[in-house]
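Coordinate inspection notes
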Amino acid sequence: MAEEKEQDLQSIMGLIVNGGNAKSSAFEAINAAKTGDFDTATAKLKEADHFLVEAHNAQTDMLTAEANGEHAKVTLLTVHSQDHIMNAITFRDLAGEIVDLYKRLAE
């Protein structure tokens, strides 16, 4: 039981950490684009995508366990982790649009 709780906590923290890292990288992409450094902006968007893939993998593990009958106890921390991921995905999408806009303005 303790091992199962530890594994759930690891998955939840994976979502929070990777979601936060993705959002931070997306924000750095916007800041780079604002200064005209589009190579860095592109690299930071790719970095954000990497973190989102990591978060998605953790989320998929949780969903797979649920589908296999291993029902997780939904806690406030679990909900919080899902919020982090959802916000990170939205912010990453918006950052890509903002970087594109800065590129157009620079042309």
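Conventions used here
Residues numbered from 1 in each chain as written. Predicted model: local features only at pLDDT ≥ 70, side-chain atom pairs only at ≥ 80, totals over all residues. Heavy atoms only, no water. Patch = residues over 30% accessible without salt bridge, like charges linked within 9 Å, V, L, I, M, F, W, Y side chains within 5 Å. Areas by Shrake-Rupley, 256 points an atom, 1.4 Å probe, with all protein chains shown as cover. Salt bridge = Lys/Arg side-chain N within 4 Å of Asp/Glu carboxyl O. Lys, Arg positive; Asp, Glu negative; His and termini not counted. Charge placed at Lys NZ, Arg CZ, Asp CG, Glu CD. Buried < 20%, exposed > 50% of the residue type's maximum accessible area, 1.4 Å probe, protein only. UniProt positions renumbered as here; feature names shortened; annotations may be inferred. Helix = DSSP H or I, 4+ residues; strand = E, 2+ residues; numbered from the N terminus. Phe/Tyr/Trp six-rings, centres within 6.5 Å; stacked < 30°, edge-to-face > 60°. Lys NZ or Arg CZ within 6 Å of the ring centre and 35° of its normal. Expected span 1.5 Å × (residues − 1). Contact = heavy atoms within 4.5 Å.

You'll find the chain entered in an unreviewed UniProt entry as Cellobiose-specific PTS system IIA component.

A few words on a negative patch on the surface. A grouping of Glu 3, Glu 4, Asp 8 and Glu 70 is seen on the molecular surface, where their side chains present a negatively charged patch. Residue classification places Glu 4 among the partly exposed residues on the basis of a relative accessible area of 45%.

Right, let's get into the UniProt feature "modified residue: Phosphohistidine" (unreviewed entry) in the chain. When the UniProt feature table is mapped onto this chain numbering, "modified residue: Phosphohistidine" (unreviewed entry) sits at His 80. By the secondary structure assignment, His 80 is in helix H3 (residues 76-106).

The next subject is the pattern of salt bridges. Going through the model one piece at a time under the given rule, you end up with 3 salt bridges. Among the ionic pairs, Lys 44 bridges to Glu 28, the shortest N-O distance being 2.6 Å. Residue Lys 44 is found in helix H2 (residues 38-67), and its partner Glu 28 is found in helix H1 (residues 2-34); the two are separated by 16 residues along the sequence. Between Glu 47 and Lys 44 there is a salt bridge whose closest N-O contact spans 3.3 Å. Of this pair, Glu 47 and Lys 44 both sit in helix H2, separated by 3 residues, roughly a single helical turn. Classification of Glu 47 as partly exposed rests on a relative accessible area of 31%. Residues participating in the shared-partner salt-bridge network are Glu 28, Lys 44 and Glu 47.

This part is about the packing of aromatic side chains. Per the counting criterion, the structure on display carries 1 aromatic pair. Ring geometry for Phe 27 against Phe 91: centres 6.0 Å apart, planes inclined by 25 degrees, an arrangement best described as stacked. Residue Phe 27 is found in helix H1, and its partner Phe 91 is found in helix H3; the two are separated by 64 residues along the sequence. For Phe 27, a relative accessible area of 45% corresponds to the partly exposed category. Between the NZ or CZ atom of Lys 23 and the centre of the ring of Phe 91, over which it lies, the distance is 5.5 Å.

Our next topic: H2. With 30 residues, H2 extends 42 Å between its outermost C-alpha atoms, agreeing within 8% with the 44 Å of an ideal straight helix rising 1.5 Å per residue. Regarding H2, the residues found buried are Ala 41, Leu 45, Ala 48, Phe 51, Leu 52, Ala 55, Ala 58 and Gln 59. Contacts made by the buried residues of H2 are with H1 and H3. One or two positions beyond H2, positive phi appears at Gly 69, with a value near 90 degrees.

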